[in-house]
Amino acid sequence: MAGLTSTEIRKVVNRYIGVSGGYLGDFSYRTHADFYPEYCELDIDPNQYEGTTRERFIAILSGALPQAQAKIVHGVLARFQLNAPSCPETRTEELYVELLEIAKRLEGSSPVVSPDLKINSAIVERTIRDVEALIQTSDAVSGVDRIHTTLHGYLRAACKVENIVYCKDDSMTKLFKLLRQHHPALQDLGPRSQDIERILKSSASIMDVLNPIRNNASVAHPNEDLLNKEEAMLVINIVRSLLHYLDAKFVVEQQQPNNAVGADF
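The following refers to the structure shown. These numbers were taken from a predicted model, which means no experiment stands behind them.

What counts as what
- Residues numbered from 1 in each chain as written.
- Predicted model: local features only at pLDDT ≥ 70, side-chain atom pairs only at ≥ 80, totals over all residues.
- Heavy atoms only, no water.
- Axes fitted to C-alpha atoms, helices over the stretch in contact; angles between N-to-C directions.
- Helix = DSSP H or I, 4+ residues; strand = E, 2+ residues; numbered from the N terminus.
- Parallel < 35°, antiparallel > 145°, perpendicular 65-115°, else oblique.
- Contact = heavy atoms within 4.5 Å.
- Nonpolar A, V, L, I, M, F, W, Y, C, P; charged D, E, K, R; others polar.
- Salt bridge = Lys/Arg side-chain N within 4 Å of Asp/Glu carboxyl O.
- Buried < 20%, exposed > 50% of the residue type's maximum accessible area, 1.4 Å probe, protein only.

**Focus on the packing of helix α3 (residues 53-63) against helix α4 (residues 66-79)**
Reasoning step 1: Look at α3 against α4: their axes get within 8 Å of each other, and the N-to-C directions meet at 135°. Classified by the interaxial angle, the pair formed by α3 and α4 is oblique. Two secondary-structure elements touch here, α3 through Phe57, Ile60, Leu61 and Ser62 and α4 through Gln69, Ile72 and Val76.
Reasoning step 2: Among the residues forming the contact of α3 with α4, the class breakdown is 5 nonpolar, 2 polar and no charged.

And the structure:
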């Protein structure tokens, strides 16, 4: 997911918006705060950042994920019009077109989308929404905790639907093992089933390391050393891919007669 380069950020800040006497365009602290919800559809509070308006803007833009960066660039183009009074000479039509193309590139760098899960529960539905909101506000690290809960809740819901017996304290790895052993949809993996089985086993290993990552490198607890943005998105996207696969397999199986029995306790 290639975001804005340092050169592109300077073009947005210095050449398009313009900086004079340390001020970023005609932004005040108030209008800068209003900019993100009004022009970008982002819930970002620049008052949580230190420094001048220019320094805060750069920190927000450089730290955002590509999708959010695209929204900010579009917001800049809408907020700072060509030929506006007192606009810098560097704010040209050519630069406008260039920034528009950059925004389109950023939109194409979007992460794996959250699946529209057919097997669902209240906690899964809520945490999926939380993850999306956190990513949009450039807080992927907080999203790691929520995507962990999403996957755990989904595996429980899938067991319930298929009447697969599990304990309420079972880990994700244990739930996934039960599903692989007893869910009819995971008994026939099609061509190259041995290779697909190896992928599923590797997925179980991934689930196993999600627990220490969540507990020791996310905001689930007061940890000092947090994941970088890129690694946080790696975790989120891997879980999203697993959810896409499992939900697609399970929904197809639900459309067929189901004779499984079991109990939840």
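**Here's the deal with the pattern of salt bridges**
Reasoning step 1: Under the defined criterion, the tally for this structure stands at 11 salt bridges.
Reasoning step 2: The shortest N-O distance in the salt bridge between arginine 105 and glutamate 8 comes to 2.7 Å. One end of the pair, arginine 105, is in helix α5 (residues 93-107); the other, glutamate 8, is in helix α1 (residues 6-18), and 97 residues separate them in sequence.
Reasoning step 3: We classify arginine 105 as partly exposed; its relative accessible area is 32%.
Reasoning step 4: Given the relative accessible area of 12%, glutamate 8 is considered buried.
Reasoning step 5: In this structure, aspartate 34 and arginine 30 form a salt bridge, with 3.1 Å as the shortest nitrogen-oxygen distance. Taken together, the positions of aspartate 34 and arginine 30, both in helix α2 (residues 29-40) and 4 residues apart, correspond to about one turn of that helix.
Reasoning step 6: Residue class for aspartate 34 comes out partly exposed when judged on its relative accessible area of 26%.
Reasoning step 7: Given the relative accessible area of 56%, arginine 30 is considered exposed.
Reasoning step 8: It is possible to trace a salt-bridge network through shared partners that takes in Asp130, Asp145, Arg146 and Arg214.

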